[in-house]
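# Secondary and tertiary structure notes
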Amino acid sequence: MKKRLSKNFKIVKTLLIASIVTAFCFPAASQPTQRIDGGLFYYPPMESLLTFGGWGPPDWEQSPEVWSLNASGWSQMPDMPEGVAHTSAVYDEANSRLIVMGGASPDKSTWSFDGNSWIKIADPLTSEYGFDPEMIYLPDTQEIILYFAAMSWSPDDASNSKTYILDDNGWVEQTVDPAPGAFADVGFVYDSARKEGVWFNGHETWVWNNNGWLQKYPSNSPSYESGQFTMTYDEARSVALVYGQGETWSWDGADWSKLAPQNSPTTPERGFFALGYDVNRQTAILFGGEVMSEDGADSTYLEDLWEWNGQTWSVFGETVISDWEIH
């Protein structure tokens, strides 16, 4: 498989818990290798963020690695059963498990993780390539909603978006109209203050509530191309947070506001980075990404960490290896 599916096809640029007494220690590496499209997702039983898979140099294979990030730094965890990239994950509170799904390739299953073992809970959705599946968990209804963009390589077949809900038998497609179109590298987060999902593709804003999609028409809005931004939900400040191209924006349910932090992450032109929210520390964490050369022939891959405290960005601090322990 070549470096990026998007380059191959010349299209948009990509692609515990109850009682756990076992502890894992991996002394070989101090942090994830340089990679993109792994994501950062909060895992309540460990009070930390997890990143799954991703891909990067030198071989550009989708990785099965799992890493945890807390205030002490990175800890390596047991691998997933398969490599994933363009990863999406949510914590299923009702069943005390994490739900994880990869995108870009048509053969990716859906997995659950209970803090001890991985279980395959759904087969791949489609034989088509799908970029960045995005999930949210609805606490009131205990539902998991999936936005999936099926991207067609054939000019005779239009790309399309699909909406699914997870049940005991797997993903069930929903008939909803209107709905967002098919886009790569979108953001989709749960707004707990307004009890709705917030979807953003760099230009359009939609929300998921009352079992349907509703497009919003804010007075102000960020503007990004695919891969230039990432979104998370800032629970402490009850806003969806978007960072990209050196800009920080927040969504309050009605409009976007461009914020003016004193400091911002260096290398603002980075793309395909991870952004997650650490509920325990009440900070948003940004990890890595890539910077393309002007001619698009070469990339520089980043492995720095930044955190957002609601007012400004700062360097996360020295990352160190630690054991994976659940108390």
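Residues numbered from 1 in each chain as written. Predicted model: local features only at pLDDT ≥ 70, side-chain atom pairs only at ≥ 80, totals over all residues. Heavy atoms only, no water.

## Focus on the overall build of the chain
Secondary structure summary: the chain contains one helix and 24 strands in total. When the 327 residues of the chain are sorted by exposure, 53% land in the buried category. (Helix = DSSP H or I, 4+ residues; strand = E, 2+ residues; numbered from the N terminus. Buried < 20%, exposed > 50% of the residue type's maximum accessible area, 1.4 Å probe, protein only.)

## Thoughts on the pattern of salt bridges
A side chain of one charge can pair with a side chain of the opposite charge when the charged atoms of the two come close. With the rule as written, the count across this model stands at nine salt bridges. Two residues, Arg194 and Asp191, come together in a salt bridge whose shortest N-O distance is 2.6 Å. A relative accessible area of 0% places Asp191 in the buried class. Here Lys258 ties to Glu247 by a salt bridge, and the two come within 3.5 Å at their closest N and O atoms. You can see Lys258 sitting in strand β20 (residues 256–258) and its partner Glu247 sitting in strand β19 (residues 247–251), a full eleven residues away along the chain. According to the relative accessible area criterion, Lys258 is exposed, its value standing at 52%. Judged by relative accessible area, Glu247 falls into the partly exposed class, the value being 25%. (Salt bridge = Lys/Arg side-chain N within 4 Å of Asp/Glu carboxyl O.)

## Some points on the packing of aromatic side chains
Counted by the stated rule, this structure contains 21 aromatic pairs. Between Tyr43 and Phe113, the ring centres sit 6.0 Å apart and the planes meet at 40°, which makes this aromatic pair tilted. Of this pair, Tyr43 sits in strand β1 (residues 41–43) while Phe113 sits in strand β7 (residues 110–113), and the two are 70 residues apart along the sequence. Take Tyr43: its relative accessible area is 0%, and that puts it in the buried class. With relative accessibility at 3%, the residue Phe113 sits in the buried group. Centre to centre, the rings of Trp308 and Trp313 are 5.5 Å apart; their planes meet at 50°, and the pair counts as tilted. As far as burial versus exposure is concerned, Trp308 and Trp313 are alike and both buried. Ring-pair connections join several aromatic residues into one group, and the members of that group are Phe41, Tyr43, Phe52, Tyr91, Phe113 and Trp118. (Phe/Tyr/Trp six-rings, centres within 6.5 Å; stacked < 30°, edge-to-face > 60°.)

## Thoughts on the sheet that holds strand β13 (residues 187–191)
Strand order across the open sheet formed by four strands is β13-β14-β15-β16, with antiparallel pairing between neighbours. Taken across any chain shown, the strands that pair with only one partner, and hence form the sheet edges, are β13 and β16 (212–216). Put simply, the sheet's adjacent strands are angled 25° from each other on average, direction ignored. In the sheet, strand β14 (residues 196–200) pairs with strand β15 (residues 205–209) via four bridges, with the strands oriented antiparallel. Residue pairing across strands places Phe200 opposite Thr205, the latter belonging to β15. (Pairing = 2+ DSSP bridges. Axes fitted to C-alpha atoms, helices over the stretch in contact; angles between N-to-C directions.)

## Thoughts on the pairing of β13
Within β13, five of the five residues are buried, which leaves it mostly tucked inside the rest of the structure. Of the two faces of β13, the one carrying Gly187, Val189 and Asp191 and the one carrying Phe188 and Tyr190 are both buried. The hairpin turn running from β13 into β14, its antiparallel successor, is four residues long, and Lys195 in that turn takes a positive phi close to 55°.

## Here we look at the confidence of the model for the chain
Summarising the model, the chain shows a mean pLDDT of 85, and 83% of its residues fall at 70 or more. Throughout residues 1–28 the model reports pLDDT below 50, and contacts reaching past four residues in sequence, or to other chains, amount to 73 contacts. The model gives residues 318–327 a pLDDT under 50, and that stretch makes 32 contacts with residues more than four places away or in other chains. (pLDDT = per-residue confidence, 0-100. Contact = heavy atoms within 4.5 Å.)

## What to know about the nonpolar core
Proteins that are soluble and globular tend to have nonpolar side chains buried together. Core analysis: the largest hydrophobic core is formed by 16 residues, its most contacted members being Tyr43, Phe52, Met80, Leu98, Val100 and Trp118. The next biggest cluster of nonpolar side chains, apart from the first, holds 14 residues, and it includes Ala149, Val186, Phe188 and Tyr190. (Core = buried A, V, L, I, M, F, W, Y, C linked by side-chain atoms within 4.5 Å.)

## A few points about the side chain of Asp37
Mapping Asp37 onto the fold places it in the loop between α1 (5–9) and β1. A polar contact is formed between the side chain of Asp37 and the side chain of Trp55, at a distance of 3.1 Å. (Polar contact = N/O pair within 3.5 Å; in protein donor to acceptor, adjacent residues only side chain to side chain.)

## Let's talk about the pairing of strand β23 (residues 299–308)
With seven of its ten residues buried, β23 lies for the most part within the structure. Pairing analysis gives eight bridges linking strand β22 (residues 283–292) to β23, with the strands arranged antiparallel. By the bridge assignment, Leu286 is partnered in β23 with Trp306. By the bridge criterion, three bridges tie β23 to strand β24 (residues 313–315) in an arrangement that is antiparallel. By the bridge assignment, Trp306 is partnered in β24 with Val315. Linking two consecutive strands that pair antiparallel, namely β23 and β24, is a turn of four residues; a positive phi of about 100° is found at Gly310 within it.

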